[in-house]
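The residues making up each chain are set out below.
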Amino acid sequence: MVGNGEDLLTNGLNMKRGNVAESLIILATNLAKNKIVFPQLLIPTLKRFASDDSLAVRAMILRRLSYFQYLQPEFGWELFDIIISKSNDELWGIAEPYLYYSYHNNFTRVSQLLDEIYNTSTEKALQTWGRISALAVLDNKID
């Protein structure tokens, strides 16, 4: 079993499926940035990789999802939800930048995720909860 988020990313980089997943999210981001219509199979293929049994494959999408979510908010959140839905604590560290860039404009969604992390996670994932919660306190989103 992989020990932390860095190991997940290293494993993902060394897997063919991980490289394909990362390439797909990069392609989708570039298409969205240039306002080009997605090819017909891109969305279902991204969803398939986002629900892959391997945490490393899902981590490869997750680490590049922040900017994509900025460009395609609804689909970005949909991919995030798919990635996290069959997750464990190891992905929360990789998800931290996503939560960081999302908490200011989408705090309702982020606060639900913070509650989930707090109620179901172990110490390592609680570090992510602590940092994002601290930002929310400093931004007067929560007490």
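The rules behind each value
Residues numbered from 1 in each chain as written. Predicted model: local features only at pLDDT ≥ 70, side-chain atom pairs only at ≥ 80, totals over all residues. Heavy atoms only, no water. Helix = DSSP H or I, 4+ residues; strand = E, 2+ residues; numbered from the N terminus. Rg over C-alpha atoms; globule rule 2.2 N^0.38 Å. Buried < 20%, exposed > 50% of the residue type's maximum accessible area, 1.4 Å probe, protein only. Contact = heavy atoms within 4.5 Å. Axes fitted to C-alpha atoms, helices over the stretch in contact; angles between N-to-C directions. Left-handed = near helix turned anticlockwise from the far one by under 90°. Salt bridge = Lys/Arg side-chain N within 4 Å of Asp/Glu carboxyl O. Phe/Tyr/Trp six-rings, centres within 6.5 Å; stacked < 30°, edge-to-face > 60°.

Before going further, it helps to examine the overall build of the protein. Tallying secondary structure elements over the protein gives nine helices and zero strands in all. Going residue by residue from the N terminus, the α and β elements of the protein occur as α-α-α-α-α-α-α-α-α. Relative to its length of 143 residues, the protein is compact, with a C-alpha radius of gyration of 15 Å against a globular reference of 15 Å. Projected onto its principal axes, the C-alpha coordinates of the protein cover approximately 45 × 35 × 20 Å. Considering the protein as a whole, with its 143 residues, one finds that 43% of them fall into the buried category. Sequence separation of at least 24 residues holds for 65% of the intrachain contacts in the protein that already meet a minimum separation of 6.

Interhelical geometry of helix 8 (residues 107-120) versus helix 9 (residues 123-138) gives an angle of 145 degrees and a closest axis separation of 9 Å. As helix 8 runs across helix 9, the sense of the crossing is left-handed. When helix 8 is examined against helix 9, the residues F107, V110, L114, I117 and Y118 are found in contact with a partner set consisting of A125, L126, W129, I132, S133 and A136.

Considering all chains together, one arrives at six salt bridges under this definition. With its nearest N and O atoms 2.7 Å apart, the salt bridge here joins R64 to E22. On the criterion of sequence distance, the pair formed by R64 in the loop between helix 4 (55-62) and helix 5 (65-71) and E22 in helix 2 (residues 16-33) is long-range, its members being 42 residues apart. Classification of E22 as buried rests on a relative accessible area of 9%. Linking K47 and E78 is a salt bridge whose minimum nitrogen-to-oxygen distance equals 2.8 Å. Note that K47 is positioned in helix 3 (residues 42-50) and E78 in helix 6 (residues 73-85), a separation of 31 residues in sequence. Using a relative accessible area of 32% as the deciding quantity, one classes E78 as partly exposed. Through salt bridges with shared partners, a single ionic network connects E22, R63 and R64.

Pairs of aromatic rings are described using the distance from one ring centre to the other and the angle between the two planes. Taken as a whole and assessed by the stated rule, the structure comprises nine aromatic pairs. Ring centres of F68 and F75 lie 5.7 Å apart, and the angle between their planes is 75 degrees; this geometry places the pair in the edge-to-face category. Neither residue differs from the other here; F68 and F75 are each classed as buried. An aromatic cluster is built from W77, F80, W92 and Y98, whose rings are joined through pairwise contacts.

With that settled, consider unusual backbone geometry. Of note in the backbone geometry, K35 takes a positive phi value of approximately 55 degrees without being a glycine. With respect to the element layout, K35 can be found in the loop between helix 2 and helix 3. Classification of K35 by relative accessible area gives exposed; the value is 75%.

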